[in-house]
Every structure is written in C-alpha cells, then in structure tokens.
Amino acid sequence: MSQTERLRRWRLVLGGGAAEGTGCALSERDQGLDRALGALYDSDRRGGLGSSAPSVPRWLGDIRDYFPASVVQVMQRDAFERLDLKRMLTEPEMLEAVVPDVALVSTLIAMRGLLGGRTKDTARFVVRKVVEALLRKLEEPLRQAVNGAIDRASVNRRPRHAEIDWNRTIRANLRHYQAEYRTIIPETRLGHGRKSRGSLKDVVLCIDQSGSMANSVVYSSIFGAVMASLPAVSTRLVVFDTEVVDLSESLDDPVEVLFSVQLGGGTDINRAVGYCESRITRPEDTILVLISDLYEGGVAAGLLARAQRLAASGVQMVALLALSDEGAPAYDRALAARLAALGVPAFACTPDLFPDMMAAAIRKQDLAAWAAGAGIAAVPADPGPAPDL
C-alpha cells in the first residue's frame, strides 16, 4: 500500500478534525464518503442524521453508493443504535430507502405496534422481501437434508415388488452379476419405507422470543415453514416469553408468523417446554429443538426435571443457544451445562448448519458429537445438584 493511500485511509478514519495531522486532501468522491461517515460517527445529534428527517433517506442512498452491502448493513445498525433511527422507521419513505436484512426485520417486528396504514404495508413488504431471499437460500438445503435423512432412516429391507428401490438394489448386488446371463441376481432387496398416513418424524421448535433472540426467531420461522411443507415431518412451532403461543397453524406463511411474535419481555422456559411436552404423543419419533439463551425467568428446577423426563422417554432434545450468524451468544452457562448432563446438548448453530443438524437428529446421531465434527463448541456437561423430581 502506498503512503498516499495509507494517509487517505487514516484521514477517513480520523474524520478530519483539527488535530488529525494527516495533511491529506480528499477527492470529491472521498469528500462525499467522509460526509456520510461523519453524519453517523461524528454527529452529536440524537434522533437524526441532519437537520430534518428527509436527509435520512438521502444518507441511506449515499452509503449504498459508497460502501458494499455488508458495510451498509453495519452502518444501518449503528445508526439505529446511535441516533435513535428506530422511530423514523414509522415513515414509509425511510423503509423504502433502507437495505433489508435480518436485523431490520427484527427491528420492524419489535416496532410493529407503532406502524399503521401505508407504513405497515411497507413494513410487510420489506419483511416478505427478506423472508423470500432467505427461503431461496435455505429451503433446498433443508429439504434435501431432511428428506435424505428420513429416506435413510426408513429403508425397507423386505420390500414388496412395488416398493423396491431398483437403483439401490442394483448397487447392493453388483457382486452377484452373472456374465453368462448378463443380469444381476438380487439377493439383497432394498426398498422405500412403506407409506404411512402419518408423518415419520415429529419436530417441535420451541422459540424464546425475548429481545436478544430476535434474529433466531426470524430464521426459526423460515425453517419451520420449510419443514411444515414436508409430508414426512409433522412440525409444531411454539414461541414464548412469560406466555406460550402455538403458531403451528400459521406455518404456511412465515411472514404472518413473524408479525405474530412479541419480541421482548421475560421468559418462562419451563412453562414453554411443559406445553411442548403435553403435545408429544410419539416420544421415540420426536425431536424437540429449544431455541433460547436459557436465561430462565421461571422455575429452573422444573425445566431440568422436564428435560430429564423427555430424554428418558426417548425424545431427542437439543438446546440451540442461538440460530443466527451473529457469533458467540450470551447465555446461562450453568443451566446449559446442567441440560448437557441430562443428555440435552447445548450449542449455538448458524442457519447454514441447521439443515445438517436436523438430518443428524433424524438419524438419531449423538448431536454433541455432530457439533464437534462441525467445529461447533458444545457446552460441557456439569450435573450440578440433582434435579428435584
């Protein structure tokens, strides 16, 4: 890097104050870039980037011109936090100017009570745009992983003629090829799992809707919608704070799910898991995914007792401390360690890895071992005091 370029970058970082000392002159484009940075990071205003609200959409347009999308999203989030721009999202013009992302969806969901009329319609459009983009990215990997795991878990080794999987059967019997007759003797027959009127697996997504879990709620709703569309999987989606709401009937529309959640408030994980427990009818074929940072506002001993009962009954339960790309989450380490000791592994998971995790759960693999193989640090088990049963 040249000395001139190094000085230019320092000049943009330092903001051009009297004592910055670089002596670097900026090009016309760099001056615009500097104004966009200064409006956010040098401003002492609260509630706006300029003397009036109309400058905000213009600023949002400027940063899209000057910076890549990943940087724009960071600057938008900083603006929401530093300059109290959340209240400005009640203006449709503002919503039309921002770059939609998961963080913006979380903000809109939390603010939906303040939205009305045209602004609410614009907010739904923005949320749907993000949801559709995530579905395009995540739907097919999840569909393939889940269907593939169920196919492998339900191989029929004594198929009727109509159930034979000829491709698998031929591969399994290549060693029995008869050159004289130019044919294969199918000593081993493999078939598709026999069709059932019911699902082969029951999946319950139990989602903490406290404010810290906002992005996890977005991704969970999308994955829930995808799994609900798979005939072999029966999916239930439950959200909770101190109350429990079953949104399973809305899973065909993840946008409607998102506008039904109540981000923020307290948590009663024990109550939520209790509700899920009451809806489980086939423990051996049920996967319960608790998505929470485990900061329990209810009865922790009751939660541990329920987790122990569920594990003993055959339910495969996992605690996802976060389902997002945000990095290492904050969580209750002691409660996570005690759940791990009861056979309920606890770890954070990115959306890209969630399909593989669900496939591993369907195959009844050890999820703590799966996490280790995927480079995810699961919480070490620590039994602590025995739960009061």
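Cut-offs used in this document
Residues numbered from 1 in each chain as written. Predicted model: local features only at pLDDT ≥ 70, side-chain atom pairs only at ≥ 80, totals over all residues. Heavy atoms only, no water. Helix = DSSP H or I, 4+ residues; strand = E, 2+ residues; numbered from the N terminus. Buried < 20%, exposed > 50% of the residue type's maximum accessible area, 1.4 Å probe, protein only. Contact = heavy atoms within 4.5 Å. Areas by Shrake-Rupley, 256 points an atom, 1.4 Å probe, with all protein chains shown as cover. Polar contact = N/O pair within 3.5 Å; in protein donor to acceptor, adjacent residues only side chain to side chain. Pairing = 2+ DSSP bridges. Disulfide = S-S within 2.5 Å. Axes fitted to C-alpha atoms, helices over the stretch in contact; angles between N-to-C directions. Parallel < 35°, antiparallel > 145°, perpendicular 65-115°, else oblique. Left-handed = near helix turned anticlockwise from the far one by under 90°. Nonpolar A, V, L, I, M, F, W, Y, C, P; charged D, E, K, R; others polar. Phe/Tyr/Trp six-rings, centres within 6.5 Å; stacked < 30°, edge-to-face > 60°. Lys NZ or Arg CZ within 6 Å of the ring centre and 35° of its normal.

**Student:** So, the overall build of the protein chain: which residues are in play, and what are the values?
**Tutor:** Counting its secondary structure elements, the protein chain contains 15 helices and eight strands. Taken over 389 residues, the protein chain has a buried fraction of 47%. Put simply, 74% of the contacts in the protein chain that link residues at least 6 apart link residues at least 24 apart. Counting only carbon and sulfur atoms, one obtains 49% of the accessible surface of the protein chain, whose full area is about 19400 Å².

**Student:** Now, about helix α13 (residues 333-341): what can you tell me, with residues and values included?
**Tutor:** Every buried residue of α13 is accounted for by Leu335, Ala336, Ala337, Leu339 and Ala340. For α13, the elements touching its buried residues are α12 (300-313), β7 (316-323) and β8 (346-349). With a side-chain oxygen lying 3.2 Å from the backbone nitrogen of alanine 334, the N-terminal cap of α13 falls on aspartate 332. Glycine 343 occupies a position one or two residues after α13 and carries a positive phi of about 90°.

**Student:** Give me the pairing of strand β4 (residues 233-240): which residues, what numbers.
**Tutor:** Of all eight residues that make up β4, six are buried, and the element is covered over most of its length. Bridge count for strand β3 (residues 201-208) against β4 is eight bridges, and the pairing is parallel. Bridged to lysine 201 within β4 is valine 233. Between β4 and strand β5 (residues 244-246), which pair antiparallel in sequence order, lie three residues.

**Student:** Break down the state of the cysteines for me, with residues and values.
**Tutor:** Scanning the model with the defined rule gives zero disulfides in all. Free of any disulfide, cysteine 206 has its nearest cysteine sulfur in cysteine 276, 3.7 Å distant.

**Student:** Provide a residue-level description of the sheet that holds β8, including the pertinent values.
**Tutor:** Ordered in space as β5-β4-β3-β6-β7-β8, the six strands form an open sheet in which the pairing is mixed. On the outer flanks of this sheet lie β5 and β8, each paired with one strand and no other. Strand-to-strand twist in this sheet, taken as the mean axis angle between neighbours without regard to direction, amounts to 25°. Bridge analysis of β3 against strand β6 (residues 286-291) gives six bridges, and the strand direction is parallel. Bridge pairing links aspartate 202 to threonine 286 in β6.

**Student:** Pulling in residues and values, what's your account of the packing of α12 against α13?
**Tutor:** Where α12 meets α13, the axes come as close as 10 Å, and the angle between the chain directions of the two elements is 25°. The angle between α12 and α13 falls in the class roughly parallel. Where α12 crosses over α13, the handedness of that crossing is right-handed. Facing α12, whose interface residues are Leu303, Leu304 and Ala307, α13 presents Leu335, Arg338 and Leu339. Counted by class, the contact of α12 with α13 contains five nonpolar, no polar and one charged residues.

**Student:** Requested: an account of the packing of aromatic side chains, with residues and values cited.
**Tutor:** All chains considered together, the criterion is met by three aromatic pairs. With centroids separated by 6.1 Å and ring planes inclined at 40°, the aromatic side chains of phenylalanine 347 and tryptophan 370 adopt a geometry described as tilted. Separated by 23 residues along the polypeptide, phenylalanine 347 in strand β8 and tryptophan 370 in helix α15 (residues 367-373) bring together distant segments of the chain. Among the residues examined, phenylalanine 347 registers a relative accessible area of 0% and is labelled buried. What makes tryptophan 370 buried here is its relative accessible area of 13%. Geometry around phenylalanine 259 places arginine 124 over its ring, the cationic atom sitting 4.4 Å from the centre.

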